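# Close look at the chain arrangement
Residue strings, one per chain:
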Amino acid sequence: MNRLHTPIAHDIRVETRGEVSLAAPDYARAKLLAVVERQHEPVLAARVKLTQASNHVVKPAIAQAVVDLNGRPVRAHVAAATMQEAVDLLQDRLTARLARVHRHRDAHRHHAPAGRAARDDEAAREHRPHRRGLAPEDRRIVRHKTYSLPSQSARAAVFELEAMDYDFHLFTDAASGCDSVVYRDERADGHRLAVAGPVAGPVAGPIGEPEPGLSVSTAAVPELTVPEAVARFDLTGLPFVFFADTATGRGNVLYHRYDGHYGLITPAR
């Protein structure tokens, strides 16, 4: 079941999927409006998606929001036992994501620690949607996305990951030209970088010193075919596998979707 609700303020659109209660869209719109009205920059658009999954899922109520903050998309994604709880959590997490963007802009000319964002909402990470458990033989690559990777610094990539509430972010390092991925390293309370190419050493910040909160993986990125990446994925149990495709030499990411299947991201040639 899909329903699209007409916005009533600030172009806040609410879409529902599954058996979402009739009261939930208005509740979500009011909560998001409370966040939008506190922003000091123009909010050009905002949308919310509420999804009620099947009852056998641990946290069946899923809420996602994307806000266009003066041209900068900001995203939040949470799950909970009930839709009201999910919307409340969404409001908190979106507020944290927007605060991260404001800090980045305010401190653009200063050397701000990259790891701070990982600590700000550490408790909220437990409210991420749970991945559905599927046996490896039942999993399929159900989404294959190809796009031109952004060329950016590792620090900018971390900012993108945090602003969009991603688990990982694939990009091309502007300095080395190598395909790279940044992801959250909760054990180190920061972020980690893997590079599909030679790693010279610690990532430097804007003043030439090591970037705080961002560590670099020294393990070589494997060269694999997609079937080999799937096999490695099943063996490791990790949320994603970053590999250099043997056919193209480019960095690819095979990841575990929340529906239990695989997604594949490949750079456009």
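Quick caveat, the model's predicted, so the values are computed rather than measured.

## Some points on the overall build of the protein
The helix and strand tally for the protein stands at five helices and 15 strands. Taking all 269 residues of the protein together, 47% fall into the buried category. When the accessible surface of the protein is summed, it comes to about 13,600 Å², and 52% of that surface belongs to carbon and sulfur atoms.

## Re the sheet that holds strand 9 (residues 179–185)
Spatial strand order, 7-8-9-10-11: five strands in an open sheet with mixed pairing. The open sheet has two free edges, formed respectively by strand 7 (151–152) and strand 11 (214–216), since each of these has just one partner strand.

## Focus on the packing of aromatic side chains
Each aromatic ring pair is characterised by the separation of its centres together with the angle its planes make. Evaluated as defined, the whole model comprises four aromatic pairs. Ring geometry for Tyr183 versus Phe240: centroids 5.3 Å apart, planes at 75 degrees, classification edge-to-face. Placement of Tyr183 in strand 9 and of Phe240 in strand 13 (residues 240–245) is noted, with a sequence separation of 57 residues between them. Grouped by ring-pair contacts, the aromatic residues Phe168, Tyr183, Phe240 and Tyr255 constitute a single cluster. One Lys or Arg, Lys145, reaches over the ring of Tyr147 and ends 5.3 Å from the middle of that ring.

## With respect to the nonpolar core
Judged by nonpolar contacts, the single largest core of 31 residues is most densely connected at Leu32, Val48, Leu50, Met83, Leu90 and Leu94. Elements with a contribution of two residues or more to this core: strand 2 (12–17), helix 1 (24–36), strand 3 (43–52), strand 4 (61–69), strand 5 (72–80), helix 2 (83–106) and helix 4 (154–163). In terms of residue count, the dominant contributor to this core is helix 2 (eight residues). Leave out the neighbours within four places in its chain, and Leu50 touches Val14, Glu15, Thr16, Arg17, Val20, Ala24, Pro25, Ala28, Ile62, Ala63, Met83 and Val87.

## Some words on the pattern of salt bridges
Tallying each qualifying case throughout the model produces twelve salt bridges. For Arg184, the salt bridge is made with Asp165, and the minimal N-O distance between the two is 3.4 Å. A residue pair is termed long-range when its members are at least 10 positions apart, and Arg184 in strand 9 and Asp165 in the loop between helix 4 and strand 8 (168–173) qualify at 19 residues. With a relative accessible area of 12%, Arg184 lands in the buried category. You can call Asp165 buried: its relative accessible area is 0%.

## Structural notes on the pairing of strand 15 (residues 262–267)
Most of strand 15 is tucked away, with six of its six residues classed as buried. The alternating pattern of strand 15 places Tyr262, Leu264 and Thr266 and Gly263, Ile265 and Pro267 on opposite faces, both of which are buried. With four bridges joining them, strand 14 (residues 251–256) and strand 15 adopt antiparallel strand pairing. Looking across to strand 15, one finds that Leu254 is bridged to Leu264. If you look at the hairpin formed by strand 14 and strand 15, you'll find five residues sitting between the two strands, and Gly260 has a positive phi there, around 95 degrees.

## Regarding helix 4
Judged by how many residues are buried, helix 4 sits mostly within the fold: eight of ten residues are covered. Every buried residue of helix 4 is listed here: Ala154, Ala157, Val158, Phe159, Glu160, Leu161, Glu162 and Ala163. Positive backbone phi, approximately 60 degrees, marks Asp165, located one or two places after helix 4.

The rules behind the values
Residues numbered from 1 in each chain as written. Predicted model: local features only at pLDDT ≥ 70, side-chain atom pairs only at ≥ 80, totals over all residues. Heavy atoms only, no water. Helix = DSSP H or I, 4+ residues; strand = E, 2+ residues; numbered from the N terminus. Buried < 20%, exposed > 50% of the residue type's maximum accessible area, 1.4 Å probe, protein only. Areas by Shrake-Rupley, 256 points an atom, 1.4 Å probe, with all protein chains shown as cover. Pairing = 2+ DSSP bridges. Phe/Tyr/Trp six-rings, centres within 6.5 Å; stacked < 30°, edge-to-face > 60°. Lys NZ or Arg CZ within 6 Å of the ring centre and 35° of its normal. Core = buried A, V, L, I, M, F, W, Y, C linked by side-chain atoms within 4.5 Å. Contact = heavy atoms within 4.5 Å. Salt bridge = Lys/Arg side-chain N within 4 Å of Asp/Glu carboxyl O.

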